[in-house]
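What the coordinates show
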Amino acid sequence: MSGQGQRLNVVPTVTVLGVIKARLVGATRGHALLKKKSDALTVQFRAILKKIVATKEAMGDIMKSSSFALTEAKYVAGENIKYTVIENVKTASLRVRSRTENVAGVKLPKFEYFTEAETKNELTGLARGGQQVQGCKIAYVKAIEVLVELASLQTSFLTLDEAIKTTNRRVNALESVVKPKLENTISYIKGELDELEREDFFRLKKIQAFKKREIEKQMKESKKFAEEQAAENLSLQKGISIDAANNMLSATHKDDDIIF
């Protein structure tokens, strides 16, 4: 049949037609929901992209000021200041933890920083350069905060990009493949059911015509049988042969040779 690949291979019955219609309704609802999901993800995607651009611009200025603060600290406190700092730092005071945020059914990873313990710096900059060392520390803390935020945004950006691609593929599949196949299948089943209905109507007409002929045939046979019975009765009454009785019953004109 034509269009076999554009429809489902099903038996054209009323039950199957109801099932396919229900599947078409579900596909239409799913297409609408996925379209809304794609729109929501696209809005979030653009918002994250704007934040990434703004964060990267801010990161350039912050990293520049941090490098300048480190240069100042080294100039004032000397090159050996890093060993003093390392001796005073046992554990990291600034830590990062992750969590997930649900956006339209997509789980986006989020990173956030928190301070766990203060760094001991009693001897740092005791001789000279204490103020510059503290300024360098503050500058690099801000740089780490911006880097954590940027990492969170970029991870969410990549996750959203993949989710949008997957959702759009599903939307296109429903719109271009699934729904047309179901619609073509419904049209095919309706056409086959209409054809079966026309065949049944033609069959009923043939049966009615056959019954009508049979009834007419039976009526003729009944009439013939009644005539034979009447001829037989007449032959018995008159004492003549059955053929003569039939001739008398079928005669429609008067015999001129017999005068009564």
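The rules behind these values
Residues numbered from 1 in each chain as written. Predicted model: local features only at pLDDT ≥ 70, side-chain atom pairs only at ≥ 80, totals over all residues. Heavy atoms only, no water. Helix = DSSP H or I, 4+ residues; strand = E, 2+ residues; numbered from the N terminus. Buried < 20%, exposed > 50% of the residue type's maximum accessible area, 1.4 Å probe, protein only. Contact = heavy atoms within 4.5 Å. Areas by Shrake-Rupley, 256 points an atom, 1.4 Å probe, with all protein chains shown as cover. Patch = residues over 30% accessible without salt bridge, like charges linked within 9 Å, V, L, I, M, F, W, Y side chains within 5 Å. Salt bridge = Lys/Arg side-chain N within 4 Å of Asp/Glu carboxyl O. pLDDT = per-residue confidence, 0-100. Core = buried A, V, L, I, M, F, W, Y, C linked by side-chain atoms within 4.5 Å. Pairing = 2+ DSSP bridges. Polar contact = N/O pair within 3.5 Å; in protein donor to acceptor, adjacent residues only side chain to side chain.

Next up on the list: the overall build of the chain. Helix and strand counts for the chain come out as 4 helices and 2 strands. Ordering the α and β elements of the chain from the N terminus gives α-α-β-β-α-α. The 260 residues of the chain split such that 21% are buried. Sequence-distant contacts in the chain: of pairs separated by 6 or more residues, those separated by 24 or more amount to 75%. As presented, the chain carries roughly 19100 Å² of accessible surface, and 57% of it is formed by carbon and sulfur atoms.

Another point: a nonpolar patch on the surface. There is a patch of nonpolar side chains on the surface, built from Val 96, Phe 111 and Tyr 113 and spanning about 250 Å² of accessible area. Using a relative accessible area of 36% as the deciding quantity, one classes Tyr 113 as partly exposed.

This model, assessed by the stated rule, comprises 6 salt bridges. Between Glu 101 and Lys 110 there is a salt bridge, with the nearest N and O atoms lying 3.7 Å from each other. Classification of Glu 101 by relative accessible area gives partly exposed; the value is 30%. Note on Lys 110: relative accessible area 13%, which makes it buried. Across the pair Arg 198 and Glu 195 runs a salt bridge, and its minimum N-O distance is 2.6 Å. With Arg 198 and Glu 195 both in helix H3 (residues 130-238) and 3 residues apart, the pair spans about one turn of that helix. One network of salt bridges, in which partners are shared, links Arg 97, Arg 99 and Glu 112.

Our focus in this paragraph is the side chain of Lys 110. Position of Lys 110 relative to the elements: it lies in strand E2 (residues 106-115). Beyond its immediate stretch of four places on either side in the chain, Lys 110 contacts Arg 97, Ser 98, Arg 99, Glu 101, Ser 152 and Ser 156.

When pLDDT is averaged along the chain, the result is 79; 77% of the residues meet or exceed 70. Mean pLDDT across the elements of the chain bottoms out in helix H4 (residues 242-250) (59) and peaks in helix H1 (residues 14-77) (87).

Counting through the fold element by element, Gln 44 comes out in helix H1. Given a relative accessible area of 25%, Gln 44 falls into the partly exposed group. When the C-alpha positions of Gln 44 and Ser 156 are compared, they lie 9.7 Å apart, and in sequence the two are 112 residues distant. Setting aside residues up to four positions removed in sequence, Gln 44 forms contacts with Val 103 and Leu 160.

Now for the nonpolar core. Leu 41, Ile 48, Ile 52, Leu 108 and Leu 160 are the most contacted members of the largest nonpolar core, which totals 13 residues. Contributions of two or more residues to this core are made by H1, E2 and H3. Residue contributions to this core peak at 6 residues, all from H3. If near-sequence neighbours (up to four positions away) are discounted, Ile 52 is found in contact with Leu 150, Leu 153, Gln 154 and Phe 157. Within the second largest apolar cluster, 11 residues are counted, among which are Leu 34, Val 171, Leu 182 and Ile 189.

So, on to the pairing of E2. Inspection of the sheet shows strand E1 (residues 94-103) paired to E2 by 10 bridges, in the antiparallel sense. In the strand pairing of E2, Glu 101 is matched with Leu 108. Between E1 and E2, which pair antiparallel one after the other, the connecting turn spans 2 residues, and Ala 104 there sits at a positive phi close to 55 degrees.

On to the environment of Ser 222. By the element assignment, Ser 222 lies in helix H3. Only 2.8 Å separates the side chain of Ser 222 from the backbone oxygen of Gln 218, close enough to count as a polar contact.

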